[in-house]
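The residues making up each chain are set out below.
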Amino acid sequence: MEEQYGTGMSGRKSAAQQTDIRYVENPSGPTLGYSASSGVRIVEQDGLRFKSLSKTERLLPYEDWRLPAEERARDLASRLSIEEIAGLMLYSPHQAVPATFGFLPATYGGLPYDQSGAEDGELTDQQRAFLENDHIRHVLVMSVSSPQAAAEWNNRLQRLAEALPFGIPVNISSDPRHGTVSSSEYNAGSGGAISMWPEALGLAATFDPSVAERFGEIASREYRALGIATALSPQVDIATDPRWSRFSGTFGEDPRLSADMARAYIDGFQTSKGDREIRGGWGWDSVNAMVKHWPGGGSGEGGRDAHFGYGKYAVYPGGSFEEHLLPFTEGAFDLKGGTGQASAVMPYYTISYGQDRVNGENVGNAYSSWLIHDLLREKHGYDGVVCTDWGITDDEPLRIERLFPGGRCWGVEEGFTVAERHYKILMAGVDQFGGNSEIAPILEAYRIGTEKHGEAFMRARFERSAVRLLTNLFRVGLFENPYLRPGESARIVGSADFVTEGYRAQLKSVVLLKNRNGTLPLPKRSKVYIPQRYTPAGVDWFGAPYPERTEYPVSLDVAAKYFELAAAPEDADFALVAIRGADSGSGYSPEDAAAGGNGYVPISLQYRPYTANHARERSIAGDSRDPDSGNRSYRGKTVEAQNSADLDMVLDARAAMGGKPVIVLLHLAKPTVCHEFEPAADAILVHFGVQDQAIMDILTGATEPSGLLPMQLPANMRTVEDQAEDMAFDMEVHVDTEGNDYDFAFGLDWSGKIDDFRTRHYGRLGSRGAKGQ
């Protein structure tokens, strides 16, 4: 049976919907999707139908869906030119649908995209060029305007790729995209643009791997309905330094919990079941998981991050390098589902300082043959795709604190051309270059290798990577049918059932830290005073300035459905003060450098000014090249949190409420020092990114809190300075006025401190006992 591609939900036939996509069913096999004008032929053999992507009359092995994915990949890799394999090794920079949402220059028909009249799902001139000229087949999408637009854009990409030699489909990927919009409201029957779930740290706070697995199952369905076949997640670095800016993307600081959450998350993403399975757990609902960041990036010296030159060193003063591998070796590489292991791995930007005792190299992780070939490939037997983090082969920025322009070629900044960096990465055992859309450096790397090792050696080396990359495309069915039906995509993405499950997970992720005298739960229709929150002007992650603002930190519309809103403290029964963890910046100050300092400053987790009198006198790692410093110490320097006004909110509310309850709602992206505000709070709820409605349901007792801390909350900044960047559980924790320790796996419910199977299995004694066995 052959079916023509029909209209979407609106019934309006857009340009994409009037294309010639056809569907052909097999009596006992996959439904084939193809473009009738692409040159693809349908061939029959043994009563079955196959796509002749080579546009010939005979069936080639790579076109035979009865064969195992790796066998098909080996056949196709042997047929590709070096240029075509080099294209597979490229992973595009961030794309947006429509392109007006993105930050890369984009045109359509030679005109600026936003002036061209193009529909949301049209391909840009640049996207057509990198498909046709650079042979790119791996594309990263950062945003889409709607499921319908995503489906139409996917179909245009796939139609163009299918018409090109060998008809290799496009593998669309995404960073995590299921985060919450706090002010949006949940309605059991309404659905949404996409289901909303806690961030990774919030999933960890449930201490329930089945929640992470269910997230993976639902997210993979929504991803595939958007055309996405690879997830650039999960991030399984154990966040052993509390100052790290990427803490929120992790599963916390415990390797055992992180390993279990990673395994469940990936099993959920990669496993197809029942008639949706093709072979070995892979199938039509599967999404390749690219686990990151090997071998762990959570131990940056001083808590600094390796996106920037000032944070490029991961250090191990506690000698815990091996523990950072556990979420990979005992989680991502040891799945319970049929897929076996995460299909791809991304090394981090960091230099794992002093760990390579074979070659003595201090280079970025993707450049290290010891980390990739010896440790990952040989010792741990990983034969999936290894893809660099984005933009590591370009020359470094002229200024150490800039993210753009410039690459993150840490350890090989000097003495290497861009092509030579590509060559070094390939020889280390890496298959793919994240954020690179230019084929020329890879071809030059091939030439360098041919001169050193001969044509046969380099051809075999390139084919090895091609087989890994193509295998990931074959086993999720993209070669048989990469096309989407926009109406079906709109039905699946953000369906009411998926939204409901995401909301329930949000509720499970909220942690009750303090509840003096049973302040919570509160009667509905109590009178609440919600102070506004001030954010000073600043600069974001990308270096773009943002203005100061004063705003309500929770939606008044949502709050009004649960409580009466009071304009003044004296009219209220209680105050709800929504604050963020202390944020003092990223650990580097251009102003300090301009004044003659080395530029390095503390990263403080307290709100009031902090002077680092107990920091190291000399840093473990450093770079004596200008404009950096061989000694990155910040001892004796002072910083203050950019959001110190958050602390004032709590203290002012305490003074204004005259003994009436003050409830603090604390949004954490990483640990914070609580002693400055905790005594002023009657109750404290911690969340890691949820809808406001979830908070209101807990405040009023509609749901009992059940979350647990996936990390320690430090007693003070002295213990933060004294802890080792690579060690978990090595801080003195805050003890509140009720005598509770804010330690890993701590949380309260209405009855008091939670003591259940989770705390017994993952709690401090349980975790440490298991590690010591």
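What counts, and at which threshold
- Residues numbered from 1 in each chain as written.
- Predicted model: local features only at pLDDT ≥ 70, side-chain atom pairs only at ≥ 80, totals over all residues.
- Heavy atoms only, no water.
- Helix = DSSP H or I, 4+ residues; strand = E, 2+ residues; numbered from the N terminus.
- Buried < 20%, exposed > 50% of the residue type's maximum accessible area, 1.4 Å probe, protein only.
- Contact = heavy atoms within 4.5 Å.
- Areas by Shrake-Rupley, 256 points an atom, 1.4 Å probe, with all protein chains shown as cover.
- Arc of directions from axis to C-beta.
- UniProt positions renumbered as here; feature names shortened; annotations may be inferred.
- Pairing = 2+ DSSP bridges.
- Axes fitted to C-alpha atoms, helices over the stretch in contact; angles between N-to-C directions.
- Polar contact = N/O pair within 3.5 Å; in protein donor to acceptor, adjacent residues only side chain to side chain.
- Phe/Tyr/Trp six-rings, centres within 6.5 Å; stacked < 30°, edge-to-face > 60°.
- Left-handed = near helix turned anticlockwise from the far one by under 90°.
- Nonpolar A, V, L, I, M, F, W, Y, C, P; charged D, E, K, R; others polar.
- Salt bridge = Lys/Arg side-chain N within 4 Å of Asp/Glu carboxyl O.
- Core = buried A, V, L, I, M, F, W, Y, C linked by side-chain atoms within 4.5 Å.
- Patch = residues over 30% accessible without salt bridge, like charges linked within 9 Å, V, L, I, M, F, W, Y side chains within 5 Å.
- Disulfide = S-S within 2.5 Å.
- Parallel < 35°, antiparallel > 145°, perpendicular 65-115°, else oblique.

Draft legend 1. Seen up close, the overall build of the protein. Helix and strand content of the protein: 21 helices and 34 strands. Taking the principal axes of the C-alpha coordinates as reference, the protein spans close to 85 × 60 × 55 Å. Across the 773 residues that make up the protein, the buried fraction comes to 62%. Contacts in the protein between residues far apart in sequence, at least 24 positions, make up 72% of those at least 6 positions apart. In the structure as shown, the protein presents an accessible area of about 27,800 Å², 48% of it carried by carbon and sulfur atoms.

Draft legend 2. Local environment of helix H3 (residues 125–132). Turning to H3, its buried residues are Gln-127, Phe-130 and Leu-131. Taken end-on, H3 shows its buried residues confined to a sector of 105 degrees, consistent with a single buried face. Turning to H3, the residues buried within the fold contact strand E7 (94–97), strand E10 (138–144) and helix H4 (147–163).

Draft legend 3. Quick peek at the UniProt feature "domain: Glycoside hydrolase family 3 C-terminal" (unreviewed entry) in the protein. Mapped onto the present numbering, the UniProt feature "domain: Glycoside hydrolase family 3 C-terminal" (unreviewed entry) falls at residues 510–749. Structurally, residues 510–749 is divided into 15% helix and 18% strand, and its ends, taken at the C-alpha atoms, are 11 Å apart.

Draft legend 4. Highlighting unusual backbone geometry. Cis geometry is found at the peptide bond from Val-97 to Pro-98, where omega equals -5 degrees. As for its position among the elements, Pro-98 is in the loop between E7 and strand E8 (107–108). In this structure, Pro-521 follows Leu-520 across a cis peptide bond, with omega equal to 5 degrees. The topology assignment puts Pro-521 in the loop between strand E21 (511–515) and strand E22 (527–529). We note that Phe-166 has phi near 75 degrees; this positive angle belongs to a residue other than glycine. Structurally, Phe-166 is set in the loop between H4 and strand E11 (171–174). One non-glycine residue, Phe-729, lies in the positive phi region at around 60 degrees. Positionally, Phe-729 belongs in the loop between helix H19 (717–722) and strand E33 (748–749).

Draft legend 5. View of the pairing of strand E4 (residues 41–45). For E4 and strand E5 (residues 48–52), the ladder comprises five bridges, and the chain directions are antiparallel. Paired with Ile-42 across the bridge in E5 is Lys-51. In this structure, the hairpin formed by E4 and E5 is closed by a connection of two residues, where Asp-46 is found at a positive phi of approximately 55 degrees.

Draft legend 6. How the structure looks around the sheet that holds E7. Sheet architecture is open: seven strands sit in the order E7-E10-E11-E12-E15-E17-E19, paired in parallel fashion. Edge positions in the open sheet fall to E7 and strand E19 (385–386), since each of these has one partner strand only. As judged from the four bridges shared by E7 and E10, these two strands associate in the parallel manner. Residue pairing for E10: Gln-95 is matched across the bridge by Val-141. Its contacts with the sheet place helix H9 (residues 369–379) against strand E15 (288–294), strand E17 (344–347) and E19, and it is angled at close to 125 degrees to E15.

Draft legend 7. Representation of the environment of Ser-258. Its place among the elements puts Ser-258 in helix H7 (residues 255–270). Look at Ser-258 and you get buried, because its relative accessible area is 0%. Each C-alpha atom, one on Ser-258 and one on Leu-647, is 31 Å from the other, the two residues being 389 residues apart in sequence. Not counting chain neighbours up to four residues away, the residues in contact with Ser-258 comprise Val-236, Ile-238, Phe-251, Gly-252 and Pro-327. One polar contact links the side chain of Ser-258 to the main-chain carbonyl oxygen of Asp-254, over a distance of 2.9 Å.

Draft legend 8. Here's a closer look at the packing of aromatic side chains. Inspection of every chain in the model, using the stated rule, returns 31 aromatic pairs. Ring centres 5.5 Å apart and planes at 65 degrees place the aromatic pair Tyr-223 and Phe-269 in the edge-to-face group. You can see Tyr-223 sitting in helix H6 (residues 209–225) and its partner Phe-269 sitting in helix H7, a full 46 residues away along the chain. No difference in accessibility class separates Tyr-223 from Phe-269, as the two residues are buried. On the basis of an interplanar angle of 75 degrees and a centroid distance of 5.3 Å, the ring pair of Tyr-316 and Phe-321 is categorised as edge-to-face.

Draft legend 9. Layout of the packing of H7 against helix H8 (residues 321–332). Relative to each other, H7 and H8 sit at 30 degrees, their axes nearing to 8 Å. Between H7 and H8 lies a crossing of right-handed hand. In contact with Pro-255, Ser-258, Ala-259, Ala-262, Arg-263 and Ile-266 of H7, H8 contributes Glu-323, Leu-326, Pro-327, Glu-330, Gly-331 and Ala-332. Of the residues assigned to the contact of H7 with H8, the class counts are seven nonpolar, two polar and three charged.

Draft legend 10. Structural detail: the pattern of salt bridges. One pass over the full model with this rule turns up 51 salt bridges. A salt bridge links Arg-49 to Glu-44, with the nearest nitrogen and oxygen atoms 3.7 Å apart. As a salt-bridge pair, Arg-632 and Asp-628 come within 2.4 Å of each other at their nearest N and O atoms. Taken as a pair, Arg-632 and Asp-628 share a single burial class, namely buried. Taken together, the shared-partner salt bridges in this structure form one network comprising Lys-312, Glu-396, Glu-413, Glu-414, Asp-623 and Arg-625.

Draft legend 11. Fine view of the environment of Tyr-529. Mapped onto the fold, Tyr-529 is located in strand E22. Taking relative accessible area as the criterion, Tyr-529 reaches 18% and is therefore assigned buried. Along the backbone, Tyr-529 and Glu-564 are 35 residues apart, and their C-alpha atoms lie at a distance of 8.8 Å.

Draft legend 12. Quick peek at the nonpolar core. Judged by nonpolar contacts, the single largest core of 211 residues is most densely connected at Trp-294, Leu-470 and Phe-677. Top contributing element to this core by residue count: helix H12 (residues 455–474), with eight residues. When sequence neighbours within four positions are dropped, the list of residues in contact with Leu-470 reads Ala-73, Leu-76, Ala-77, Leu-80, Leu-88, Ile-168 and Phe-479. Judged by nonpolar contacts, the second largest core, of nine residues, contains Leu-605, Ala-612, Ala-615 and Val-720.

Draft legend 13. Spatial organisation of a nonpolar patch on the surface. Side chains of Phe-404, Trp-541 and Phe-542 sit close together on the surface and give an oily, nonpolar patch of about 320 Å² of accessible area. If you trace the backbone, Trp-541 turns up in the loop between strand E24 (538–539) and strand E25 (545–546).

Draft legend 14. The arrangement of the side chain of Gln-432 in detail. Mapping Gln-432 onto the fold places it in the loop between helix H10 (418–428) and strand E20 (433–434). With relative accessibility at 1%, the residue Gln-432 sits in the buried group. Among the polar contacts made by the side chain of Gln-432, one reaches the side chain of His-138 at a distance of 3.2 Å. Excluding anything up to four places from it in sequence, Gln-432 contacts Leu-88, Met-89, Leu-90, Tyr-91, His-138, Val-385, Val-386, Cys-387, Thr-388 and Leu-469.

Draft legend 15. How the structure looks around the state of the cysteines. What the rule picks out here adds up to zero disulfides. Unpaired in this structure, Cys-387 has its nearest cysteine sulfur neighbour in Cys-409, at a distance of 17 Å. Classification of Cys-387 as buried rests on a relative accessible area of 0%.

Draft legend 16. Inspection of the packing of helix H1 (residues 69–79) against H12 at higher detail. Running from amino to carboxyl end, H1 crosses H12 at an angle of 135 degrees, the nearest separation of the two axes being 8 Å. Classified by the angle between their axes, H1 and H12 sit oblique to one another. Crossing hand, H1 versus H12: right-handed. Facing Ala-69, Glu-70, Arg-72, Ala-73, Arg-74, Leu-76, Ala-77, Ser-78 and Arg-79 of H1, the residues of H12 in contact are Arg-459, Glu-463, Ala-466, Val-467, Leu-470, Thr-471 and Phe-474. Of the residues assigned to the contact of H1 with H12, the class counts are eight nonpolar, two polar and six charged.

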